[in-house]
Amino acid sequence: MNMKTEKRLIAFSVLALMIGVASVTPLLFFMSGTAKAETTIEPWFSYNCPYAYLVANTTALPNGTFTYGMWHALVSNSTIKIDAVADSTADAQIDYFQMQIYSDAGPIENTTYSFGTNRTSNFDISPYTLMMNNLIESNISSGVGTFWFGSAYSYNEPSLSVHSGSSSGQRPLEASNSSAEVTQVRNLENAQTVYIDIRRLGSVTFNGNYSVITLASSEVLQHIELQKFGDGFLYNTLLPEDQWSQIDLLKPLRYLAQQEP
C-alpha cells in the first residue's frame, strides 16, 4: 500500500464511467461468440478488495411502520499492469470487475467496478458511452468506475479508493418485504456469515474508431468471508486490529491518511 502513489494517480484527470446506457459509438464491433466466449484480452488492471464493512438494521415503530437502513464501506485496490499495457497495440482499455455480496440469508448487492487508461495520446473518450449490462448475464445493482488519462499506466503501485454508500427508508409493517431494498437489508441484518466474490466481467478495448468488447470467464478471483464485528460484518487487511474500536469503520481511508508522515 502506498498512499503517496494514490495521490499521484488521482492527480491525473479522472472520469467516472457509470454503467447503464445502451450504446457504444461511433462503432461497436463484437468479436464472434462474445456472449459466451472467454476473453483472450489481457486485462490492464488487477483488482482486489482489502477491506469491507457492512452494517444493517430494521426497527419497528409504535405507529405501525418500521425503519430500515444499510451502510457499507468497500475499499478497491487497483494496480495497472505495465507489461500488459506495453505489450498491447490498443489505444485504450477499460476492465470491468463485479463484486457480489451475499449472506447465508440471501443476496445483498452486486456492484460493477471499472478501471481504464489510455496508452496513446490520440485517444478521445468523449464520443464513447460505455455499457456492459446487456452483454453480461448478471444482476448489476450499481456501477462505479475510474479512467486515468495520460501516462498513469507508468505507475504500477496500488491505488486505493473507497466506495461508501447507504440505503434507508420507512415503510408500513405490512409492507416489510415489499421491495428488493428491504430484502437486501434483512439479508444482511439476519445473516450469520457474509461473503464477497470478485470476478472479472470483461474488457472494452479501443482502437481508433473501433471498440471491441470481450467477456471473461466466471472464475472467482477473490473470495472473502466477513466476520461479525459489533453490529456489522468486517473484512480487514488494512487497519490495525487494536485500533478497530477507535476508528470509524465506514471511513477507513480517513484513518490511513491520518497515519501518513
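Position labels on residues start from 1 in each chain and follow its written sequence. Residues qualify for local features only when their pLDDT is at least 70, as the model is predicted, and side-chain atom pairs are given and counted only at 80 or more; totals for whole chains, interfaces and linings, by contrast, use all residues. For the side-chain quantities, the full set of heavy atoms in the structure was used; hydrogens and water were omitted.

Caption draft 1: Inspection of the overall build of the protein chain at higher detail. The helix and strand tally for the protein chain stands at four helices and twelve strands. The buried label goes to any residue with under 20% of its type's maximum accessible area, the exposed label to any with over 50%, and the partly exposed label to all in between, with areas taken from a 1.4 Å probe on protein chains only. Here the protein chain holds 261 residues, and the buried ones make up 47% of them. In what follows, residue pairs with any heavy atoms lying within 4.5 Å of each other are defined as contacts. When contacts within the protein chain are restricted to residue pairs at least 6 apart in sequence, those whose partners lie at least 24 apart make up 80%. Residue exposure ignores everything except the shown protein chains as possible cover, and the areas themselves are Shrake-Rupley values with a 1.4 Å probe. Carbon and sulfur atoms form 49% of the exposed surface of the protein chain, whose accessible area is close to 12,600 Å². Segments assigned H or I by DSSP are reported as helices when at least four residues long, segments assigned E as strands when at least two residues long, and all are numbered from the N terminus.

Caption draft 2: Focus on the layout of surface pockets. Of the grid points, spaced at 1 Å and generated over the protein atoms alone, those admitting a 1.4 Å probe that cannot get out make up cavities, while open sets with protein on both sides within 12 Å along at least five of seven lines make up pockets; any residue with an atom within 4 Å of a point is treated as lining. Grid points are joined across faces, edges and corners, and a volume is the space filled by probe spheres set on the points. In this structure, the second largest pocket encloses a volume near 160 Å³. Every residue lining the second largest pocket is listed: Pro43, Phe45, Ser46, Tyr47, Lys81, Phe97, Arg200, Ala216, Ser217, Glu219 and Leu221. When residues of the lining of the second largest pocket are assigned to their parent elements, the largest contribution, three residues, is made by strand β3 (residues 45-60).

Caption draft 3: Region of the structure containing the packing of aromatic side chains. The criterion for an aromatic pair is that two Phe, Tyr or Trp rings (for Trp, the six-membered ring) have centres within 6.5 Å, with stacked assigned to planes under 30 degrees apart, edge-to-face to planes over 60 apart and tilted to the rest. The tally for this structure, following the rule as stated, stands at ten aromatic pairs. Ring geometry for phenylalanine 115 versus tryptophan 148: centroids 6.5 Å apart, planes at 15°, classification stacked. Within this pair, whereas phenylalanine 115 is found in strand β6 (residues 106-118), its partner tryptophan 148 is found in strand β7 (residues 142-148), the two being separated by 33 residues in sequence. Accessibility classification places phenylalanine 115 together with tryptophan 148 in one group, the buried group. The rings of Phe45, Tyr47, Phe97, Tyr113, Phe115 and Trp148 are connected pair by pair, giving a single aromatic cluster. Positioned over the ring face of phenylalanine 66 is arginine 186, at 5.3 Å from the centre of the ring. Two conditions define a charge sitting above a ring: the NZ of Lys or the CZ of Arg must be within 6 Å of the ring centre, and it must be within 35 degrees of the ring normal.

Caption draft 4: Representation of the nonpolar core within the structure. Side-chain atoms within 4.5 Å are what join buried Ala, Val, Leu, Ile, Met, Phe, Trp, Tyr and Cys residues into a set we call a nonpolar core. Counting 32 residues, the largest nonpolar core has Leu74, Met99, Ile101, Leu188, Val194, Ile196 and Leu226 as the members making the most contacts within it. Sorting the residues of this core by element identifies β3, β4 (65-80), α2 (82-87), β5 (92-103), β6, α3 (180-189), β9 (194-207) and β11 (220-229) as the ones contributing at least two each. The element best represented in this core is β3, accounting for six residues. In this structure leucine 226 touches Ala52, Leu54, Thr193, Val194, Tyr195, Ile196, Phe233, Leu234 and Tyr235, once residues within four positions along its chain are discounted. Of all hydrophobic cores here, the second largest spans 15 residues; its members include Tyr51, Ala73, Leu253 and Tyr255.

Caption draft 5: Region of interest: the environment of alanine 52. Checked against the element boundaries, alanine 52 lands in strand β3. Classification of alanine 52 by relative accessible area gives buried; the value is 0%. Once the C-alpha coordinates of alanine 52 and asparagine 236 are considered, the two residues, 184 residues apart in sequence, prove to be 6.5 Å apart.

Caption draft 6: Local environment of the pairing of β11. At least two bridges found by DSSP between two strands is the condition for calling them paired. With six bridges joining them, β9 and β11 adopt antiparallel strand pairing. Counted as the bridge partner of isoleucine 198 is glutamine 222 from β11. Of the pairings in the sheet, the one linking β11 to strand β12 (residues 232-236) comprises three bridges and is antiparallel in character. Each bridged residue has a counterpart across the sheet, and for lysine 228 the counterpart in β12 is phenylalanine 233. Counting the residues in the hairpin turn of β11 and β12 gives two residues, including glycine 230, whose phi is positive at 60°.

Caption draft 7: Molecular detail of the pattern of salt bridges. By salt bridge we mean one thing: a side-chain nitrogen of Lys or Arg within 4 Å of a carboxyl oxygen of Asp or Glu. Inspection of the entire model under this criterion finds one salt bridge. Between lysine 81 and glutamate 42 there is a salt bridge, with the nearest N and O atoms lying 3.1 Å from each other. One end of the pair, lysine 81, is in the loop between β4 and α2; the other, glutamate 42, is in the loop between β2 (28-30) and β3, with 39 residues separating them in the sequence.

Caption draft 8: Region of the structure containing the pairing of β4. For β4, the tally of buried residues reaches 14 of 16 residues, placing the bulk of the element in the interior. The pairing of β3 with β4 spans 14 bridges and is classified as antiparallel. Residue pairing for β4: asparagine 57 is matched across the bridge by glycine 69. In this antiparallel pair of consecutive strands, β3 and β4, the connection spans four residues, and glycine 64 shows a positive phi of 85°.

Caption draft 9: How the structure looks around the side chain of serine 103. Following the sequence through the fold, serine 103 ends up in strand β5. Side-chain atoms alone can form a polar contact between residues adjacent in sequence; in general such a contact is a pair of N or O atoms within 3.5 Å, and within protein one must be able to donate a hydrogen while the other accepts it. In this structure the side chain of serine 103 is engaged in a polar contact, spanning 3.0 Å, whose partner is the backbone nitrogen of alanine 105. If we skip the residues at most four places from it in the chain, serine 103 touches Ile108, Asn187, Ala191, Thr193 and Val194.

Caption draft 10: Structural detail: the side chain of aspartate 95. Assignment of secondary structure puts aspartate 95 in strand β5. Although buried, aspartate 95 forms no salt bridge, and the nearest oppositely charged side chain, arginine 200, lies 4.3 Å from it. Within the structure, the side chain of aspartate 95 is placed 2.9 Å from the side chain of glutamine 93, a separation counted as a polar contact. Apart from residues lying up to four places away in sequence, aspartate 95 is in contact with Pro43, Trp44, Phe45, Tyr113, Ser114, Phe115, Arg200, Gly202 and Ser203. Only four residue types enter the tally: Lys and Arg on the positive side, Asp and Glu on the negative side, with His and both chain ends excluded.

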